[in-house]
Structures are given as structure tokens and as C-alpha cells.
Amino acid sequence: MKLAAGAAVFGVLAPQGQALGGVLDGLLGKPARLRPAMTPNDGFYVTSYRSPADVRVESWTLLISGLVSRPLTMTYQDLLARPLVKQIVTLECVGNGLAADSIGTAEWGGVLLKTLLDEVGMKDGGVDVVFRAADGYSDSLPLSRALQGDVLVAYQMNGVPLPRGHGFPARIIVPGIYGIKHVQWLTEIEVVSEDYRGYYQRQGWSDHAEIKTSSHIDLPGHGESIKGPNYVIQGYAFAGTRGIAQVEISTDGGARWHEARLRPQLSPYAWRFWEYPWSIPAPGRYALQVRAIDGAGRLQSLLEQEAFPDGASGIHEVTVEVT
Ligand SMILES: Nc1nc2c(c(=O)[nH]1)N[C@H]1C(S)=C(S)[C@@H](COP(=O)(O)O)O[C@H]1N2
Ligand SMILES: [Mo]
């Protein structure tokens, strides 16, 4: 394991996987806590392959070019003049592993990418829409995905202008797709005729980057000692745009599974919280596990897989001591 300079501030995707934030939390230990359903801006995970771009809004422009009928250069004011759309979307880094610390949920506000693409008009032959950024980063979406009415060119995060560390002045937010494609510090949108490979794809990371179904126990924490005979196990599950249909808990290391109670769904694009009131039969050591079933009725992958190249999978387990 290598820790790059600045790792305490900015997580990066190591070529073979894990975001450094997770590594550090593992080293330092972290008290168990229930995360808030809406992540505050100053508690939101930060990932960037370099340091965040420092963009001056007075000189910033957004260029829409390539296979479009009427190329457009927009100022910040031009962007703010378009209809504002707000969506609650969970953002998850492709490097988010079982530690589950590179994930957060915000209400993002901005202009639908579809609105802008309709405005400039598509020429024939478009395959991908490429997003380029002030820090030299780029990624893309298939044109058909970009034209669905759920991709935002966002300029607000939880009601305030995007913080510098989260893409100021504008970024892409695309529900159901890992964070790599949520290009921050956006400067250019280009419609191209090829299947474009972005910064992380050139290093072997997934191009479709569709979010896998996962679930996580926030409470109790791993290795914690708790008091019986009653305890409410809590956590979240997330399946991108597929939604969560069911969450199941095992308190005997996976032999039997019990249905957890789902909290109301925040948005079709967000994580879902759950709780399981556990009646503990006797003091002792227990292995607690969680698994989720998505809105299409599919059980999450039980196969333990690291984040590289297309997102981690496997069952989250915590061991507790009940007194
Ligand atoms: N311009 C730019 N955009 C970027 C990145 C980057 O390094 N540069 N990192 C991506 C990755 S890997 C993730 S997980 C998200 C993280 O967004 P956040 O820092 O707001 O949580 O931004 C994405 N967009
Ligand atoms: Mo990421």
C-alpha cells in the first residue's frame, strides 16, 4: 500500500483499486455512526486525480461543440438563465469498497444536459458525448444516455453554488453511473463519432461504469461491543437507478436471512436506508451480514471483488460482541 502526498485531503483511484480515503479510515479506525440521509457539503467525500481546479467564473465558459448544428459558448450567467432542475442523486466512487466511505447524497441543481443538446441540435453520426474539464480530465457518455432527461449540468449542491472541491462552477451528475463520469470543473461538451475513452478508461477502468447493487451496515460498527437483548441494526443499500426492493440481514454469519424494514425512498436516484430490530438470544460474538435485492428483483453479487475495473462487490460483514 502506497500513500501519495495529499492523500489525507484528496482520495485518488489507485490503478488497482481502492480510494485512499478507505485505506486511511481502515488504518486510523473510525467510530460507528449512522450517516445522514443527505450528506452535508463539508462532509462529502472528495476525489480528484489531481488537485481541484481553481476556476474564475468571470473568465469561465462552457463550449458545446462537435457533431452539433449550432455550436454554443455559454457563460456562467447563460447557464443560470436556463430552467433550473433539482434532483437528489447519490454519488458513488467506483473505488468505493466495503468500507463505504466514498459515497454521498446531495440535492444537485442545474440544467438538464438534454436541454442544452436539444438547443444546439444533433448532427448525424454522434456516438459519444465527451466532457472535458479545467484540470485536463475527461470522460464520456453514450449519446443515447446523455439524451435521457436525467443527466444534469449541475451548478448547485444542496442549494448553494458547487464548492470548489466538488466541481465549481459546473459538473456532470449522471444517476446510476459511478463517480468517474460525473466530470467536475466542466469546460467543454463535445459530441463525437467514436467510442471515446476517458482518463480512467485509458487505465483500464470501466467505460459503462454502471453502479452495482451494494449494501452496508453502519450500526453497529465492526468490532463494537453492544448491550443486549435489543438492538436496531441500521445502514443503507444502493442500486443506482434500479432502486432497492428488499434488504436482508443475517445475524448468524449467513445461515438464515431476515427482512429489514426499508425507510422511505428519497429519490429514484438515491441510496435507501433500512433498519432491523434485532432480538438477541444470548450474549456472545455475532457475525452480522447484509444483502440487498434491487428493483429488478436481482440479489446483489455475493462474489467478493475489488473495485478495479468496474466496482467492488461482496457482502458487508461486521462482528460484534454482545454483553
Ligand atoms: N475534472 C474532474 N472530474 C472528476 C474527477 C477528476 O479527477 N477530475 N474525479 C471523478 C471521480 S473518480 C469521482 S468519484 C467524482 C467525485 O466527485 P466529488 O469529489 O464531488 O465527490 O468526481 C469525478 N469527476
Ligand atoms: Mo472516483
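In this text the structure is predicted, and so the values were computed from the model without any measurement. (Residues numbered from 1 in each chain as written. Chains lettered and ligands numbered in written order. Predicted model: local features only at pLDDT ≥ 70, side-chain atom pairs only at ≥ 80, totals over all residues. Heavy atoms only, no water.)

1. Comments concerning the overall build of the protein
- What the protein contains, in helices and strands, is four helices and 19 strands.
- Its C-alpha radius of gyration of 21 Å places the protein within 12% of the 20 Å reference for a compact globule of 323 residues.
- When the backbone C-alpha atoms are referred to their principal axes, the protein occupies close to 70 × 40 × 35 Å.
- Residues classed as buried in the protein amount to 53% of the 323 residues present.
- For the protein, the exposed area adds up to about 13800 Å²; of that, 53% sits on carbon and sulfur atoms.
- Computed over 28 positive and 33 negative side-chain charges, the inter-centroid distance for the protein is 2 Å. (Helix = DSSP H or I, 4+ residues; strand = E, 2+ residues; numbered from the N terminus. Rg over C-alpha atoms; globule rule 2.2 N^0.38 Å. Buried < 20%, exposed > 50% of the residue type's maximum accessible area, 1.4 Å probe, protein only. Areas by Shrake-Rupley, 256 points an atom, 1.4 Å probe, with all protein chains shown as cover. Lys, Arg positive; Asp, Glu negative; His and termini not counted. Charge placed at Lys NZ, Arg CZ, Asp CG, Glu CD.)

2. What to know about the site of ligand 1
- Near ligand 1 there are 22 residues, and of these Tyr45, Tyr49, Asp135, His166 and Arg171 occur at the shortest range.
- At 2.7 Å, a backbone N or O of Tyr49 approaches an oxygen atom of ligand 1.
- Given that more than half its atoms are within 2 Å of the pocket grid, ligand 1 belongs to the largest cavity.
- Across the shell around ligand 1, the residue classes tally to 13 nonpolar, seven polar and two charged. (Near = heavy atom within 4 Å. Polar contact = N/O pair within 3.5 Å; in protein donor to acceptor, adjacent residues only side chain to side chain. 1 Å grid on protein atoms, 1.4 Å probe; cavity = no way out; pocket = protein on both sides within 12 Å on 5 of 7 lines; lining within 4 Å. Sits in = over half its atoms within 2 Å of the grid points. Nonpolar A, V, L, I, M, F, W, Y, C, P; charged D, E, K, R; others polar.)

3. A closer look at the environment of Leu72
- Along the chain, Leu72 falls in strand S2 (residues 72–74).
- The sequence separation of Leu72 and Ile249 amounts to 177 residues, and the corresponding C-alpha distance is 52 Å.
- Residue contacts for Leu72: discarding those within four places in its chain leaves Leu62, Leu63, Ile64, Arg82, Glu119 and Val120. (Contact = heavy atoms within 4.5 Å.)

4. Concerning the sheet that holds strand S17 (residues 272–279)
- Overall, antiparallel pairing links the four strands, which are arranged S11-S13-S17-S16 in an open sheet. Each edge of the open sheet is held by one strand with a lone partner, namely strand S11 (214–219) and strand S16 (261–262).
- Judged from the eight bridges that link them, strand S13 (residues 230–238) and S17 form a sheet pairing that is antiparallel. Paired with Asn230 across the bridge in S17 is Ser279. (Pairing = 2+ DSSP bridges.)

5. Focus: unusual backbone geometry
- In this structure, Pro229 follows Gly228 across a cis peptide bond, with omega equal to 5°.
- In this structure, Pro229 sits in the loop between strand S12 (225–226) and S13.
- Note the cis peptide between Phe308 and Pro309, where omega equals 5°.
- Tracing the backbone through its elements, the reader meets Pro309 in the loop between strand S18 (284–294) and strand S19 (316–322).
- We note that Trp185 has phi near 50°; this positive angle belongs to a residue other than glycine.
- With respect to the helices and strands, the residue Trp185 is situated in the loop between strand S9 (171–173) and strand S10 (186–192).

6. Quick notes on the pattern of salt bridges
- The tally for this structure, following the rule as stated, stands at 20 salt bridges.
- Measuring nitrogen to oxygen at the nearest pair gives 3.1 Å for the salt bridge that ties Asp252 to Arg256.
- Classification of Arg256 by relative accessible area gives exposed; the value is 55%.
- Linking Arg285 and Glu321 is a salt bridge whose minimum nitrogen-to-oxygen distance equals 3.0 Å. A residue pair is termed long-range when its members are at least 10 positions apart, and Arg285 in strand S18 and Glu321 in strand S19 qualify at 36 residues.
- With relative accessibility at 33%, the residue Glu321 sits in the partly exposed group.
- One salt-bridge network, held together by shared partners, links Asp139, Lys181, Asp195, Arg197 and Asp207. (Salt bridge = Lys/Arg side-chain N within 4 Å of Asp/Glu carboxyl O.)

7. Considering the pairing of strand S6 (residues 138–142)
- Among the five residues of S6, four are classified as buried, and the element is accordingly described as predominantly covered.
- Sheet topology note: the strand S5 (residues 128–133)/S6 ladder contains five bridges and is antiparallel. Considered in S6, the bridge of Arg132 is made with Ser138.
- Connecting S5 to the next strand, S6, in antiparallel fashion are four residues, including Gly136 with a positive phi near 90°.

8. Observations regarding the nonpolar core
- Counting residues in each nonpolar core, the largest one holds 65 residues, and the members touching the most others are Leu79, Trp108, Phe131, Val153 and Ile189.
- Among residues more than four places away in sequence, those in contact with Ile189 are Leu62, Leu63, Ile64, Ser65, Leu113, Leu117, Val129, Val130, Phe131 and Val153.
- One finds Ile233, Ile244, Val318 and Val322 within the second-largest nonpolar core, a separate group that totals 22 residues. (Core = buried A, V, L, I, M, F, W, Y, C linked by side-chain atoms within 4.5 Å.)

9. Points about helix H3 (residues 113–120)
- Those residues of H3 not exposed but buried are Leu113, Leu116, Leu117 and Val120. Angular distribution of buried residues about the axis of H3 spans 95°; they occupy a single face of the element.
- Looking one or two places after H3, you find Gly121, whose phi comes out positive at around 75°. (Arc of directions from axis to C-beta.)

Everything listed is a geometric property; what it means functionally is a separate question.
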